[in-house]
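Residue strings, one per chain:
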Amino acid sequence: MAVETTRRAATADAGGGDSGAARAGGRGTGNETGRTGGSESASSGTGGRGGAVAGLRRAAQVHWYAWAMVAPVVAVIATIVGYPLLRGVWLSLTDADEANVERVIGVNHLPATYRFTGLDNYEAILGDSVFWDRLGWTVVWTVGCVGVTFLLGLTLAVMLNRQVRGRSFYRIGMIVPWGIPAFVSVFAWKMLFNEKNGLLNKVLDGGGIEAVPWLGDPVWAKVAVIAVNVWLGVPFMIVAMLGALQGIPGELYEAAEMDGAGPWQRFRNITLPGVRSVSSTVVLLSTIWTFNMFPVIYLLTRGGPEDSTEILVTYAFRLSFINSPRDYATSAAWGVLILVLLSLFTVVYRRTLRRQGEVW
Amino acid sequence: MRRGNGFMLSAAVAVLALTATACGGDGGDSSAAKGGVSGTVTYWDTSNDAEKGTYKKIAEDFEKRHPKVDVKYVHVNFGDANQKFKNAAGGNSGAPDVMRTEVAWVADFANLGYLAPLDGTPAIDKPSDYIKNAAGSTRFKGRTYALPQVTDTLGLFYNKKMLKEAGVEVPKSFDELKKSAKKIKSRTGKTALYLRGDDPYWFLPYLYGEGGDLVDPTAKKVTVDDGPGAKAFARMKDLVDSKAAVTDSSDGQENGLKAFQDGDVAMIVDGPWDIAGALQGKEFKDDKDNLGVAPVPAGSKDRGSPQGGWNLSVYAGSKNLRTAQEFAKYMSSAEVQQRTTEELSLLPTRRSVYDEPSVAKNAMVEFFKPAVDNAVQRPWIAEGNSLFEPVRGQMDAVLTGGRSPKEAAGKVGDEFRKLLKDENYK
């Protein structure tokens with residue numbers, strides 16, 4: 001799933017840049033091409049069955065070499081994405097756990113003894129407040145992180161897109177969080193947040209402010225995990241937005257300035273429309289990443305205190321790795337639900353964008 | 001209930017069984033030593049950073065007496081070892097032949113079929129020499145799956161000078177500790193106790209102190225929500241609220257040890273693995289006698305601390321089972337245990353080792369031996385290790401979230417029943 005989404009997003013991104021420029025010139029035409037492009041691809045997918053078979057045969061005869069070239073990729077994707085996905089869906093319909101799946105240990109061969117249980121796992125999960133509580137916080141976490149990251153990233157990108165002294169120095173500095181492995185950053189932050197010996201509380205103490213239980217209090221812990229994730233996410237946002245900003249022709253700003261537009265007007269009417277296609281892509285991407293951002297939460301708070309910072313994926317991890325025997329079935333069901341939620345989100349998001357005139 | 005019939009019975013069975021198998025296993029020593037074994041043994045060591053150097057040397061010394069054997073020593077962090085082993089063993093690739101296994105993991109791994117039973121194999125050597133408590137953790141459903149290597153329990157570390165300055169005795173109960181805390185605060189300005197609020201293992205002394213336990217495996221009953229559980233949570237909260245103790249909800253290991261080393265707190269509940277660390281602190285570095293160790297304070301009913309320690313388990317899928325057994329036997333032998341006590345002050349699991357003058361005179365052993373003898377055996381069930389996670393969550397909720405102790409104990413009980421649903425616990 002992840003692979004597929006990224007690939008699609010990347011192609012959309014490449015196309016998006018062009019159309020953004022086109023739209024800046026003539027809004028109407030840009031929209032028009034976008035719509036037709038979308039509907040064409042949709043209709044070709046749902047074409048008549050008989051025609052499709054004949055079409056396939058013809059395609060195979062004419063383009064056999066193309067099929068042969070594609071085959072290895074298809075095979076690899078089917079093996080590393082398709083098989084685990086299908087197996088996960090199957091496991092979620094059973095009562096499989098570590099103790100009853102098939103195992104070969106030395107000379108021992110322990111047969112599989114798990115059973116098919118239908119939708120029991122889903123019924124149990126959806127009927128339990130555990131799922132809905134986690135989902136609520138996961139949504140808050142995702143919206144909070146993506147919102148703040150986007151605003152910060154855009155602001156910093158706009159600031160860096162001008163001729164300032166030492167621009168490349170700032171640019172490198174802001175990319176640094178991206179270069180450090182996430183777990184290293186999280187451990188560094190954990191040390192800063194330490195209630196008794198952490199740097200943050202030492203600084204606050206110097207200012208006469210009482211120590212903040214950064215990771216010990218449910219509300220502060222939520223603030224802390226969001227802050228760290230924003231810190232980790234901003235570099236990507238800056239790079240993407242800088243790219244988008246540089247795609248806007250400078251003549252537009254010159255023309256606007258001649259017409260007497262102020263900085264805010266130029267930002268609203270040139271910059272924002274200019275970066276829109278890129279930003280919609282990166283927002284979608286970072287929403288999916290943040291929704292599934294396991295390391296920040298797990299390494300910083302382990303979902304605590306109590307379970308106030310536990311998101312859906314960290315809980316699924318707990319089910320299948322912390323408890324023993326590992327509950328594969330329930331964990332798989334959580335995984336399928338997360339996948340369904342993200343797919344739904346992507347479909348709705350794309351549809352909204354299309355309605356607003358984006359190319360996808 | 002805690003040290004009730006169930007435990008006594010299973011312990012007795014364990015000792016009997018161990019004694020019985022001794023006849024079969026004995027006498028193989030000299031013939032094996034003459035070069036019966038060969039091949040490669042991969043050993044996963046889970047000791048901490050201060051200990052791993054010694055363990056590496058000890059493991060590799062096995063090659064000296066068995067020249068045909070190649071020992072592959074791998075250090076694995078204690079925190080990751082359980083998952084790593086499960087991934088490797090379940091996937092049937094990369095699992096070590098022998099692993100230093102936490103006492104609570106043995107039943108879990110054995111239940112999943114990952115461990116080779118050792119009864120009647122050359123690995124078992126003089127089983128009656130093992131301390132009863134330590135041997136208990138190696139048994140699962142009537143068979144032996146590991147050899148005890150090191151045992152431990154919690155004790156009360158105290159700063160002798162600070163208690164003297166405050167004019168208080170070493171507290172024998174948490175009530176006494178609370179009373180002394182006022183004097184300690186007024187006379188030295190320090191807090192009496194660092195309470196580990198981040199690690200569920202530290203909940204156990206409070207629970208045992210109120211006469212409770214997590215579960216009763218013989219009656220198949222969850223007991224944590226019977227009443228003592230709520231009292232234990234209430235006791236911890238009271239110590240923190242009354243400012244007799246300070247706590248953290250994360251990084252407790254680091255912060256607690258630092259607070260004790262620096263003399264910010266007078267006492268901490270801790271285990272033998274932190275003795276060396278505590279002695280490096282500024283309060284103790286130049287005055288090692290300033291560190292005192294006493295049994296964990298009592299609650300309203302009882303006094304008890306959990307039995308911990310490390311065992312050696314052999315992987316069922318080992319391609320070199322015979323050599324692995326011989327290696328495990330060596331790592332659990334009296335000779336190796338004496339060495340780890342001399343070099344690391346760890347507590348042996350063999351009675352005979354305690355008779356060695358170098359061990360008997362070791363100050364840390366003197367501190368901890370009585371405590372270990374009275375340590376409370378934990379429920380050696382497959383889910384034993386999983387029981388900690390719900391306790392951790394509710395400790396947070398009580399200490400930082402304002403949940404009532406009674407409600408917290410109830411929630412832990414509910415979670416336990418979910419975890420133990422396959423075993424039909426009441």
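Residues numbered from 1 in each chain as written. Chains lettered and ligands numbered in written order. Predicted model: local features only at pLDDT ≥ 70, side-chain atom pairs only at ≥ 80, totals over all residues. Heavy atoms only, no water.

## A word on the UniProt feature "transmembrane region" (unreviewed entry) in chain A
Residue and element names in this part refer to chain A. The feature "transmembrane region" (unreviewed entry), as annotated in UniProt, sits at residues 64–86, 139–160, 172–192, 223–245, 278–300 and 328–349 in this numbering. For residues 139–160, the end-to-end C-alpha separation is 31 Å, with 100% helix and 0% strand making up the annotated structure. Regarding residues 223–245, the helix share stands at 100% and the strand share at 0%, and the terminal C-alpha atoms are separated by 30 Å. (UniProt positions renumbered as here; feature names shortened; annotations may be inferred. Helix = DSSP H or I, 4+ residues; strand = E, 2+ residues; numbered from the N terminus.)

## A few points about the interface of chain A and chain B
Opposite the 32 residues of chain A that make contact, chain B presents 38 residues. Roughly 2700 Å² of surface becomes buried between chain A and chain B when both sides are summed, with 40% attributable to carbon and sulfur atoms. Contact with chain B buries surface across chain A, with Ile105(A), Glu306(A) and Ser324(A) losing the most and accounting together for 23% of the total. Seen at the junction of chain A and chain B, the total is five salt bridges. Seen at the junction of chain A and chain B, the total is 14 residue pairs in polar contact (both at pLDDT 80 or more). Broken down by element, the residue count for the side of chain A that touches chain B peaks at four residues, all from helix H14 (residues 312–322) of chain A. Class assignment of the residues belonging to the side of chain A that touches chain B gives a composition of eleven nonpolar, nine polar and twelve charged. (Contact = heavy atoms within 4.5 Å. Buried area = accessible area lost by both parts, 1.4 Å probe. Salt bridge = Lys/Arg side-chain N within 4 Å of Asp/Glu carboxyl O. Polar contact = N/O pair within 3.5 Å; in protein donor to acceptor, adjacent residues only side chain to side chain. Nonpolar A, V, L, I, M, F, W, Y, C, P; charged D, E, K, R; others polar.)

## Section: empty space enclosed by the protein
Counted according to the given criterion, the structure contains seven cavities of 30 Å³ or more. Of the volumes computed, that of the largest cavity is approximately 70 Å³. If you trace the largest cavity, you find it lined by Phe193(A), Asn194(A), Glu195(A), Pro213(A), Trp214(A), Leu215(A), Gly216(A), Asp248(B), Ser249(B), Ser250(B), Asp251(B) and Asn255(B). Considered class by class, the residues forming the lining of the largest cavity number four nonpolar, five polar and three charged. (1 Å grid on protein atoms, 1.4 Å probe; cavity = no way out; pocket = protein on both sides within 12 Å on 5 of 7 lines; lining within 4 Å. Points joined across faces, edges and corners; volume = space filled by probe spheres on them.)

## As for the sheet that holds strand S2 (residues 69–75) of chain B
All names here are of chain B. Spatially, the five strands line up as an open sheet ordered S2-S1-S3-S14-S6, and their pairing is mixed. Edge positions in the sheet fall to S2 and strand S6 (146–153), since each has one partner strand and no second. The mean angle between the axes of side-by-side strands here comes to 20°, regardless of whether they run parallel or antiparallel. Strand direction decides the pairing type here: S6 and strand S14 (residues 307–314), joined by seven bridges, are antiparallel. Looking across to S14, one finds that Pro148 is bridged to Asn311. Packing of helix H3 (residues 52–65) onto the sheet brings it into contact with strand S1 (39–45), S2, strand S3 (98–102) and S6, and relative to S2 it is tilted by some 165°. (Pairing = 2+ DSSP bridges. Axes fitted to C-alpha atoms, helices over the stretch in contact; angles between N-to-C directions.)

## A look at the layout of surface pockets
Put simply, the second largest pocket is a space of about 1400 Å³. Mapped by element, the contributors of at least two residues to the lining of the second largest pocket are helix H5 (120–126), helix H6 (129–160), helix H10 (218–246), H14 and helix H15 (328–355) of chain A together with helix H18 (388–399) and helix H19 (405–419) of chain B. Classifying every residue of the lining of the second largest pocket by side-chain character gives 14 nonpolar, twelve polar and 22 charged.

## Quick word on the pattern of salt bridges
One pass over the full model with this rule turns up 36 salt bridges over all chains. Among the ionic pairs, Asp307(A) bridges to Arg134(A), the shortest N-O distance being 3.2 Å. Remark: Arg134(A) occurs in helix H6 and Asp307(A) occurs in the loop between helix H13 (294–300) and H14; sequence separation between them is 173 residues. Judged by relative accessible area, Arg134(A) falls into the buried class, the value being 7%. A salt bridge links Arg350(B) to Asp129(B), with the nearest nitrogen and oxygen atoms 3.4 Å apart. Of the two residues, Arg350(B) is situated in the loop between helix H14 (334–344) and helix H15 (351–355) and Asp129(B) in the loop between helix H5 (105–111) and helix H6 (132–136); the sequence distance between them amounts to 221 residues. (Buried < 20%, exposed > 50% of the residue type's maximum accessible area, 1.4 Å probe, protein only.)

## Focus on the environment of Phe150(A)
Residue and element names in this part refer to chain A. With respect to the helices, strands and loops of the structure, Phe150 is situated in helix H6. For the pair formed by Phe150 and Val283, sequence separation is 133 residues and the distance between their alpha carbons is 7.4 Å. In this structure Phe150 touches Met237, Met241, Ser279 and Val283, once residues within four positions along its chain are discounted.

## Some remarks on the nonpolar core
All names here are of chain A. Within the largest apolar cluster, 64 residues are counted, with the highest numbers of intra-cluster contacts made by Trp141, Phe193, Val228, Leu300 and Trp334. At the level of secondary structure, the elements contributing two or more residues to this core comprise H5, H6, helix H8 (182–193), H10, helix H12 (263–291), H13, H14 and H15. With residues up to four places along the chain from it excluded, the contact list for Phe193 reads Leu200, Trp214, Leu215, Ala224, Val228 and Leu300. (Core = buried A, V, L, I, M, F, W, Y, C linked by side-chain atoms within 4.5 Å.)

## With respect to a nonpolar patch on the surface
Residues and elements named next belong to chain A. Together, Ile172, Val176, Ile180, Phe183, Val184, Phe187 and Trp231 line one region of the surface with nonpolar side chains, adding up to about 600 Å² of accessible area. Of all elements in the fold, only helix H7 (167–179) and H8 reach the threshold of two or more residues within the nonpolar patch. Tracing the chain through its elements places Phe183 in helix H8. Assessed through its relative accessible area of 46%, Phe183 is described here as partly exposed. (Patch = residues over 30% accessible without salt bridge, like charges linked within 9 Å, V, L, I, M, F, W, Y side chains within 5 Å. Areas by Shrake-Rupley, 256 points an atom, 1.4 Å probe, with all protein chains shown as cover.)

## Comments concerning the environment of Leu204(A)
All names here are of chain A. Its location among the elements puts Leu204 in helix H9 (residues 199–206). Judged by its relative accessible area of 21%, Leu204 is partly exposed. Here the alpha-carbon distance between Leu204 and Met191, two residues 13 residues apart in the chain, equals 15 Å.

## Section: the UniProt feature "domain: ABC transmembrane type-1" (unreviewed entry) in chain A
According to UniProt, the feature "domain: ABC transmembrane type-1" (unreviewed entry) maps to residues 135–349 of chain A in the numbering used here. Measuring from the first to the last C-alpha atom of residues 135–349 of chain A gives 19 Å, for a span that is 77% helix and 0% strand.

## Concerning H12(A)
Helix length check: H12(A), at 29 residues, gives a terminal C-alpha distance of 35 Å against a target of 42 Å (1.5 Å per residue), a shortfall beyond 12%. Within H12(A), the axis deviates most sharply at Arg276(A), by approximately 55°. (Expected span 1.5 Å × (residues − 1). Bend = angle between axes of the 7 residues up to and from the residue.)

## A short note on the side chain of Asn82(B)
Locating Asn82(B) in the fold gives a position in helix H4 (residues 78–90). Leave out the neighbours within four places in its chain, and Asn82(B) touches Trp105(B), Phe109(B) and Asn385(B).

## Topic: the packing of aromatic side chains
Using the criterion set out here, one finds 40 aromatic pairs over all chains in the structure. Ring centres 5.5 Å apart and planes at 35° place the aromatic pair Trp189(A) and Phe193(A) in the tilted group. Here Phe193(A) and Trp189(A) lie together in helix H8, a separation of four residues that amounts to about one turn. Under the relative-accessibility criterion, Trp189(A) is labelled buried at 17%. Overall, Phe193(A) belongs to the buried group, its relative accessible area being 4%. Here the aromatic cluster, defined as three or more aromatic residues joined through ring pairs, consists of Phe78(B), Phe85(B), Trp105(B), Phe109(B), Tyr114(B), Trp310(B) and Tyr315(B). Across from the ring centre of Trp137(A), 5.0 Å away, lies the NZ or CZ of Lys222(A), which sits over that ring. Positioned over the ring face of Trp202(B) is Arg196(B), at 4.2 Å from the centre of the ring. (Phe/Tyr/Trp six-rings, centres within 6.5 Å; stacked < 30°, edge-to-face > 60°. Lys NZ or Arg CZ within 6 Å of the ring centre and 35° of its normal.)

## Brief notes about helix H11 (residues 252–261) of chain B
Residue and element names in this part refer to chain B. Within H11, seven of the ten residues are buried, which leaves it mostly tucked inside the rest of the structure. Looking only at H11, the buried set comprises Gly252, Asn255, Gly256, Leu257, Ala259, Phe260 and Gln261. Summarising the contacts, the buried residues of H11 are in contact with strand S7 (155–159), strand S8 (191–196), strand S11 (245–248), strand S12 (265–270), helix H12 (275–279) and strand S13 (291–294). At the C-terminal side of H11, Gly263 shows a positive phi close to 75°.

## A closer look at the sheet that holds S7(B)
Residues and elements named next belong to chain B. Reading across from one edge, S11-S8-S12-S7-S13 is the order of the five strands in this open sheet, with mixed pairing throughout. Edge positions in the open sheet fall to S11 and S13, since each of these has one partner strand only. Pairwise comparison of adjacent strand axes, ignoring direction, gives a mean angle of 25° for this sheet. Where S7 meets S12, four bridges bridge the pair, whose relative direction is antiparallel. In the strand pairing of S12, Leu156 is matched with Val269. Against the sheet, helix H10 (residues 228–241) contacts S8 and S11, and its axis sits at roughly 140° relative to S8. Those strands touched by helix H17 (residues 363–373) are S7, S12 and S13, and its axis lies near 20° from that of S13.

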